[in-house]
Amino acid sequence: MTHVTFDARSAWSRPDARSAWSRLDAPTVIRTKRDGGVLSEAAIDWVIDAYTRGQVAEEQMSALLMAIFLRGMTGQEIARWTAAMVASGERFDFTDLRRDCDGRPLALVDKHSTGGVGDKITIPLVPVVMACGGAVPQAAGRGLGHTGGTLDKLEAIPGFSAELTKSQIGRQLREIGAAIFAAGELAPADRKIYALRDVTATTESLPLIASSVMSKKIAEGARALVLDTKVGSGAFLPTEAEARELARTMVELGHAHGLVTRALLTDMSVPLGRAVGNAIEVVESLEVLAGGGPDDVVQLTLALAAEMLDAAGLDAKDPAETLRDGTAMDCFRALVAAQGGDLTVLSVEPATGALPIGVHSDTITAPRGGTMGDIDAMAVGLAVWRLGAGRSAPGERVQSGAGIRIHRRPGEPVQAGDPVFTLYTDTPARVGPARSELEGAWAVGESAPPVRPLIIDRIAATV
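Residues numbered from 1 in each chain as written. Predicted model: local features only at pLDDT ≥ 70, side-chain atom pairs only at ≥ 80, totals over all residues. Heavy atoms only, no water.

## Observations regarding the packing of aromatic side chains
So, point 1. Enumeration according to the criterion identifies 3 aromatic pairs in this entry.
So, point 2. A ring pair is formed by Phe92 and Phe94, whose centres lie 5.5 Å apart and whose planes are at 65°; its orientation type is edge-to-face.
So, point 3. Judged by its relative accessible area of 9%, Phe92 is buried.
So, point 4. Aromatic pair Phe421 and Trp442: ring centres 5.6 Å apart, planes at 75°, arrangement edge-to-face. Highlighted residues: Phe421 in strand 11 (residues 419-425) and Trp442 in the loop between helix 18 (431-438) and strand 12 (444-445), separated in sequence by 21 residues.
So, point 5. Each member of the aromatic cluster is reached from another via a ring pair, and the members are Phe92, Phe94 and Phe181. (Phe/Tyr/Trp six-rings, centres within 6.5 Å; stacked < 30°, edge-to-face > 60°. Buried < 20%, exposed > 50% of the residue type's maximum accessible area, 1.4 Å probe, protein only. Helix = DSSP H or I, 4+ residues; strand = E, 2+ residues; numbered from the N terminus.)

## Brief notes about the sheet that holds strand 5 (residues 260-267)
Whenever strands of a sheet pair, they do so through backbone hydrogen bonds, lying parallel or antiparallel.
So, point 1. Reading across the sheet, the 4 strands line up as 1-4-5-13 and stay open at both edges, with mixed pairing between neighbours. The sheet is open, and its two edges are formed by strand 1 (109-113) and strand 13 (455-460), each paired on a single side. Strand-to-strand twist of the sheet, defined as the mean angle between neighbouring strand axes without regard to direction, takes the value 20°.
So, point 2. Here strand 4 (residues 224-231) runs beside strand 5; their pairing, made up of 8 bridges, is parallel. Directly across from Asp228, in strand 5, lies its bridge partner Leu264.
So, point 3. The sheet contacts of helix 12 (residues 240-256) involve strand 4, strand 5 and strand 13, and relative to strand 5 the element is tilted by about 165°. (Pairing = 2+ DSSP bridges. Axes fitted to C-alpha atoms, helices over the stretch in contact; angles between N-to-C directions. Contact = heavy atoms within 4.5 Å.)

## Focus: the nonpolar core
So, point 1. The biggest cluster of nonpolar side chains holds 76 residues, and the ones touching the most others in it are Ile157, Phe332, Ile404 and Phe421.
So, point 2. If you tally residues by element for this core, the top one is helix 14 (residues 295-311), at 8 residues.
So, point 3. Counting residues domain by domain, this core receives three or more from each of domain 2 (109-347) and domain 3 (360-445).
So, point 4. Residues within four places of Phe421 in sequence aside, it is in contact with Asp362, Thr363, Ile364, Met372, Ile375, Ile404, Arg405, Ile406, His407, Leu438 and Trp442.
So, point 5. In this structure, Leu144, Ile169, Val231 and Ile459 belong to the second largest nonpolar core, which totals 66 residues. (Core = buried A, V, L, I, M, F, W, Y, C linked by side-chain atoms within 4.5 Å. Domains from an automatic or database assignment.)

## Looking at the layout of surface pockets
So, point 1. Roughly 480 Å³ of internal volume is contained in the largest pocket.
So, point 2. The element that contributes the greatest number of residues to the lining of the largest pocket is helix 14, accounting for 3 residues.
So, point 3. Of the residues that constitute the lining of the largest pocket, the class distribution is 11 nonpolar, 2 polar and 8 charged.
So, point 4. Roughly 340 Å³ of internal volume is contained in the second largest pocket.
So, point 5. As for the second largest pocket, its lining consists of 18 residues, and the residues nearest its centre are Gly141, Arg142, Arg191, Tyr194 and Ala195.
So, point 6. With 5 residues, the top contributor of residues to the lining of the second largest pocket is helix 10 (residues 188-198).
So, point 7. Of the residues assigned to the lining of the second largest pocket, the class counts are 7 nonpolar, 4 polar and 7 charged.
So, point 8. Of the residues that make up the lining of the second largest pocket, three or more belong to each of domain 2 (109-347) and domain 3 (360-445). (1 Å grid on protein atoms, 1.4 Å probe; cavity = no way out; pocket = protein on both sides within 12 Å on 5 of 7 lines; lining within 4 Å. Points joined across faces, edges and corners; volume = space filled by probe spheres on them. Nonpolar A, V, L, I, M, F, W, Y, C, P; charged D, E, K, R; others polar.)

## Details of the confidence of the model for the chain
So, point 1. Predicted confidence across the chain gives a mean pLDDT of 90, with 93% of residues reaching 70 or more.
So, point 2. Within the chain, strand 8 (residues 370-372) carries the highest mean pLDDT (98), whereas helix 1 (residues 8-13) carries the lowest (46).
So, point 3. Contacts of residues 1-13 to residues separated by more than four positions or lying in other chains number 36 contacts, the stretch itself having pLDDT below 50. (pLDDT = per-residue confidence, 0-100.)

## Brief notes about the domain arrangement of the chain
So, point 1. When its domains are assigned, the chain resolves into domain 1 (17-72), domain 2 (109-347) and domain 3 (360-445).
So, point 2. Taken over C-alpha atoms, the centre of domain 2 sits 24 Å from the centre of domain 3.
So, point 3. Carbon and sulfur atoms make up 54% of the area that domain 2 and domain 3 hide from each other, which totals about 2,100 Å².
So, point 4. On the domain 2 side of the contact with domain 3, His146, Arg274 and Val276 bury the most area, a combined 28% of that side's loss.
So, point 5. A salt bridge links Asp152 to Arg391; the nearest nitrogen and oxygen atoms lie 2.9 Å apart.
So, point 6. Applying the counting criterion to the domain 2 and domain 3 interface returns 13 residue pairs in polar contact (both at pLDDT 80 or more).
So, point 7. Residue assignment for the side of domain 2 that touches domain 3 shows that the elements contributing at least two residues are strand 6 (275-277) and helix 13 (279-289).
So, point 8. Looking at which element gives the most residues to the side of domain 2 that touches domain 3, the answer is strand 6, with 3 residues.
So, point 9. Class assignment of the residues belonging to the side of domain 2 that touches domain 3 gives a composition of 11 nonpolar, 9 polar and 6 charged. (Buried area = accessible area lost by both parts, 1.4 Å probe. Salt bridge = Lys/Arg side-chain N within 4 Å of Asp/Glu carboxyl O. Polar contact = N/O pair within 3.5 Å; in protein donor to acceptor, adjacent residues only side chain to side chain.)

## Focus on the UniProt feature "domain: Pyrimidine nucleoside phosphorylase C-terminal" (unreviewed entry) in the chain
So, point 1. Within this numbering scheme, the UniProt entry marks residues 371-445 as carrying the feature "domain: Pyrimidine nucleoside phosphorylase C-terminal" (unreviewed entry).
So, point 2. As annotated, residues 371-445 has a helix share of 28% and a strand share of 23%, and its two end C-alpha atoms lie 5 Å apart. (UniProt positions renumbered as here; feature names shortened; annotations may be inferred.)

As structure tokens, this is what we get:
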């Protein structure tokens, strides 16, 4: 990975840069990448700026994204593409902020996942880090392809708003220690490209994933970053070799821009936890914050929290203790309240509050007794998308209540007729296509499948 640092706005204002831009056009840039060529710095700067300002059409950027998907990018191209997206908008700086309680500088640290199925980790993780003294400025995303989005999940909480101003983000960081927000004017080029990737089958591209993640994270104002890079059928890049390359690329991009950056490679062969969807994942996150929840969700939450706290130079409190003593739950409630959410629905007790779950349900049962085998994460993700939890067109509303509850995880005993999956949606016609996605994606066998480690490896920058 080539280190690149530059001030794109200053570069774009130079006469020589403007002269180079005058000779560029979208068909030429598309053709260069389509034919396997390397995009020049001027071409990357121009196309990102022109697309952000509406001078490159959606169909032209779609064609370029597909060319990048098929042809790839060099390390230099990825670095320049990332920097150009950062420079397309504002870059936050919260380094001068102090905690309201004691006047100490904020330990600004964030985490990002490359996308998975049932990956609700941000929801319990941010409050854990808050409770341990960290400050988390998290620019989060919406669902992309078969994977869920943190903002779609949190917006299942009535009243919760992710549309925060810079001043509100700063105020929340000072007062409570976190803000989870839509990127807004941070890397606006990425916001447009991200939505286009979602509906043009160009999500599974290493250059586009790396630049999308890192442009927002570089711009959001954190000083340290931990990346959860997924490996397996439910990840965008299913092989370990691809995931390692992605992790190294993102770590080096962060390092080049002054971020303390490290990555964990984690398994995404099967869904995380027992809930996949929007509101249903928030409910499971509340179970974790209440001291329970699925073992894999708890394990990954605590592992990422430990990495974040170490990267931020914090070691005052054990992350696991915040789940046991309720301080993480208190921090989550404070976060939701600060962003307008209705706290009355935040209960793991159905009698005292409830988040929206699809009004139509359908249960798939086991045809025989035995042991639950592997569950294909990609198939589950696509089934949840079919139920309405994801988008098939830019800007489409998602169903907060769409999702799947997994009653039997790999290795658990199953009796004939036991429920294995329950599907939820507000649209009955979606059930059939969702069931079709699950056909052949699971089985009941005589013995348990091999146990894979949840955390595969750790990758840090090479200095």
